[in-house]
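Chain by chain, the residues:
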Amino acid sequence: MMKTSGQPAASALERPRESVLGIGYALLVSAEQTGGAYEVMKFVVPAGNGPPPHRHAREDECFYLLDGEFEITLGDRALRARAGDCIHLPRGVPHAFQNVGESLGSFLCWVVPGNLSGFFDAFKRDWPADMPHPPAVTGDDVANLLAAAEKYGIEILAAGEPG
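Residues numbered from 1 in each chain as written. Predicted model: local features only at pLDDT ≥ 70, side-chain atom pairs only at ≥ 80, totals over all residues. Heavy atoms only, no water.

Peer 1: Report on the overall build of the protein chain, specifying residues and quantitative values.
Peer 2: What the protein chain contains, in helices and strands, is two helices and 14 strands. For a compact globule of 163 residues, the expected C-alpha radius of gyration is about 15 Å, and the protein chain comes in at 15 Å, within 12% of that figure. Projecting the C-alpha coordinates of the protein chain onto the three principal axes gives extents of approximately 45 × 35 × 35 Å. Scored against the burial criterion, the 163 residues of the protein chain give a buried share of 42%. Each charge class in the protein chain was averaged separately, 13 positive and 21 negative side chains, and the resulting centres sit 3 Å apart. (Helix = DSSP H or I, 4+ residues; strand = E, 2+ residues; numbered from the N terminus. Rg over C-alpha atoms; globule rule 2.2 N^0.38 Å. Buried < 20%, exposed > 50% of the residue type's maximum accessible area, 1.4 Å probe, protein only. Lys, Arg positive; Asp, Glu negative; His and termini not counted. Charge placed at Lys NZ, Arg CZ, Asp CG, Glu CD.)

Peer 1: Describe in detail the sheet that holds strand β4 (residues 23–29), supporting the description with residues and values.
Peer 2: Pairing is antiparallel across the open sheet formed by seven strands, whose spatial order is β10-β7-β12-β5-β4-β3-β13. Bordering the open sheet on either side are β10 (86–89) and β13 (125–126), each of which pairs with just one other strand. Both strand β5 (residues 39–45) and strand β12 (residues 105–112) contribute to a ladder of seven bridges, which runs antiparallel. The residue of β12 that forms the bridge with Val 44 is Ser 106. (Pairing = 2+ DSSP bridges.)

Peer 1: Tell me about the packing of aromatic side chains, residues and numbers included.
Peer 2: Per the stated rule, a full pass over the model turns up 13 aromatic pairs. A centroid spacing of 5.5 Å and a plane angle of 90° characterise the contact between Phe 63 and Phe 97, whose relative ring orientation is edge-to-face. On the criterion of sequence distance, the pair formed by Phe 63 in strand β7 (residues 60–67) and Phe 97 in strand β11 (residues 95–99) is long-range, its members being 34 residues apart. Classification of Phe 97 as buried rests on a relative accessible area of 10%. Taken together, the ring pairs in this structure connect Tyr 25, Phe 43, Phe 63, Phe 70, Phe 97, Phe 107, Phe 119, Phe 120, Phe 123 and Tyr 152 into an aromatic cluster. It is Arg 15 that lies over the ring of Trp 127; its NZ or CZ is 3.7 Å from the centre. (Phe/Tyr/Trp six-rings, centres within 6.5 Å; stacked < 30°, edge-to-face > 60°. Lys NZ or Arg CZ within 6 Å of the ring centre and 35° of its normal.)

Peer 1: An account of unusual backbone geometry is needed here, citing residue identities and associated values.
Peer 2: Cis geometry is found at the peptide bond from Val 112 to Pro 113, where omega equals -10°. The phi torsion at Leu 21 lies on the positive side, around 50°, for a residue other than glycine. Residue placement: Leu 21 occurs in the loop between β3 (18–20) and β4.

Peer 1: Could you give an account of a nonpolar patch on the surface, naming the residues involved and the relevant values?
Peer 2: Nonpolar side chains collect at one region of the surface, where Tyr 38, Tyr 64, Leu 66, Trp 110 and Val 112 lie side by side and expose about 400 Å² of accessible area between them. Elements supplying a minimum of two residues to the nonpolar patch: β7 and β12. (Patch = residues over 30% accessible without salt bridge, like charges linked within 9 Å, V, L, I, M, F, W, Y side chains within 5 Å. Areas by Shrake-Rupley, 256 points an atom, 1.4 Å probe, with all protein chains shown as cover. Salt bridge = Lys/Arg side-chain N within 4 Å of Asp/Glu carboxyl O.)

See below:
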């Protein structure tokens, strides 16, 4: 386990202790650790859940699926992905994902350059150990997401909106 500033990093094997938009979230490798080159995050997604369609102006993402089954929308394509699959999501291309399995699914996400953890900091919440799933999304979560999106060069798109 890597350490910075005396703080241990989150383990990829542990369940995240935080959530964003009803999705478990852990920052495994921070931009601070990589000189801003990249970040690595883990997401744990309940069945049927996923973020709204969106587009990043500043960073590429790469998902490596650990378990579960996801539908990933990338531009005008819908891809099915399972454990072991790796999907590149280039900046500027609208995308979204949804856990289409029947249980929690998870993946690692590389972000290049590393600049998204601050975005998630604007609306992340605790995921208490006694809760089997991350807390449900609230109106405050959505308002905080929308407020942070512009600052971080992320455009939230309406479902079905052309890219």
